[in-house]
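A structural walkthrough
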Amino acid sequence: AGSRPNIILVMTDDEGIGDLHCLGNPVIRTPHIDRLYTQSTRFTDFHVSPTCSPTRSSIMTGRHEFQNGVTHTILERERMTLDARTLPQALSDAGYATGIFGKWHLGDEEPHQPHHRGFQEVFIHGAGGIGQAYDCSCADAPPNLENKYFDNVIRHNGKFVQTPGFCTDVFFRAALGWVKSQKDAGQPFFVYLTPNAPHGPMIAPEKYKQRFLDLGYDEDSAGRMGMLENIDDNMGLMLEKLDEWQLVENTLLIFMTDNGQAGRSGTLNGKKVSLDFSGFKTGKGSPYEGGTHVPAFWRW
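Residues numbered from 1 in each chain as written. Predicted model: local features only at pLDDT ≥ 70, side-chain atom pairs only at ≥ 80, totals over all residues. Heavy atoms only, no water.

Moving on to unusual backbone geometry. Going from alanine 197 to proline 198, the amide bond is cis rather than trans, its omega being 0°. Position of proline 198 among the secondary structure elements: in the loop between strand E7 (189-194) and helix H5 (206-215). Despite not being glycine, alanine 127 has its phi angle at roughly 55°, a positive value. When you line up the elements, alanine 127 lands in the loop between strand E4 (121-125) and strand E5 (153-156). Among the residues examined, alanine 127 registers a relative accessible area of 1% and is labelled buried. Even without being a glycine, glutamine 246 presents a positive backbone phi close to 55°. A relative accessible area of 71% places glutamine 246 in the exposed class. (Helix = DSSP H or I, 4+ residues; strand = E, 2+ residues; numbered from the N terminus. Buried < 20%, exposed > 50% of the residue type's maximum accessible area, 1.4 Å probe, protein only.)

The structure is reproduced here in structure tokens:
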């Protein structure tokens, strides 16, 4: 009675059901997420919106995206209405520390930034992906336009900071460092950890994509699958640290994705092949099941 469990919500970008070994992918190795799958309540008919911003606005508000004024991912249609009360605002009022690490994508203009929407710790890139820039208000930090996924400039609590390393590693390290500080302070926390991977462009560290290149996959396919295995390694680090810090018993850990699979085809040894093992006829951007049916594992 009266307890306040910690909450960690991990939501990857453009990862589908067919991208996980535990849900049928025979090529990609995801042993850490597979282990989380065995420990979790699995929602087997879990649906989101077909693209990024609409899903994120619904999670932040508990309302349909159109009620939030969010109908697209660009051209100012990704900006969530300022009238909405958000999940981190509610949790802040309940005594939680709140932090976002990764992708926001609900408005880059100052009033829409997450530090105005209930997040006390903010460590984000801009736009819908690192290095993206569109007309109107949706754009990432200029240095990231050339140097996409390594050594990125990140906005940390209102200041731009240079980071070392691959973007997904950076977001997980930042989130885990903050978790440790809240644990040490005896402070219940809400972590919204939203890496941009495996959103395109399909870039991964060489050690992650080399296995797929050796198998005969094209560069883009190897990059995307390498990003997915890198996410799994970072999830493994998180599971290890939650255990080490004795946070497993009082932390709700949620793993989900924001829409159906992107990057559904590639080439293997010069021949076009499907990379979608979900069994759905469509993926990201579609109103059919392939666009909206995603993994959802909840462990407490």
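As a further point, take the packing of H5 against helix H6 (residues 219-244). Two measures define how a pair of helices packs: the angle their axes make with one another and the distance between the axes. Packing of H5 against H6 leaves a shortest axis separation of 7 Å and a crossing angle of 135°. One element, H5, and the other, H6, form an angle in the oblique class. The handedness of the crossing between H5 and H6 is right-handed. Of the residues in H6, those touching H5 at Tyr208, Lys209, Arg211, Phe212 and Leu213 are Glu219, Ala222, Gly223, Met225, Gly226, Glu229, Asn230 and Asp233. Looking at the contact of H5 with H6 residue by residue, the class counts come to 5 nonpolar, 3 polar and 5 charged. (Axes fitted to C-alpha atoms, helices over the stretch in contact; angles between N-to-C directions. Parallel < 35°, antiparallel > 145°, perpendicular 65-115°, else oblique. Left-handed = near helix turned anticlockwise from the far one by under 90°. Contact = heavy atoms within 4.5 Å. Nonpolar A, V, L, I, M, F, W, Y, C, P; charged D, E, K, R; others polar.)

If you trace the 9 strands from one edge of the open sheet to the other, you get E2-E11-E8-E1-E7-E3-E4-E5-E6, paired in mixed fashion. Pairing within the sheet leaves two strands with one partner each, and these edge strands are strand E2 (41-42) and strand E6 (159-162). The pairing of E4 with E5 spans 2 bridges and is antiparallel. Across the sheet, the residue bridging to isoleucine 124 is arginine 155, located in E5. Each of strand E1 (6-12), strand E3 (97-103), E7 and strand E8 (251-257) touches helix H2 (residues 52-61); the most contacted strand, E1, lies at about 170° to it. (Pairing = 2+ DSSP bridges.)

Before going further, it helps to examine the environment of histidine 72. As for its placement among the helices and strands, histidine 72 is situated in the loop between H2 and helix H3 (87-93). Histidine 72 sits 118 residues away from phenylalanine 190 along the chain, and the two C-alpha atoms are 27 Å apart. Other than its neighbours up to four places away in sequence, histidine 72 contacts Ser53, Pro54, Arg77 and Glu78.

By themselves, these are just geometric observations and shouldn't be taken as functional.
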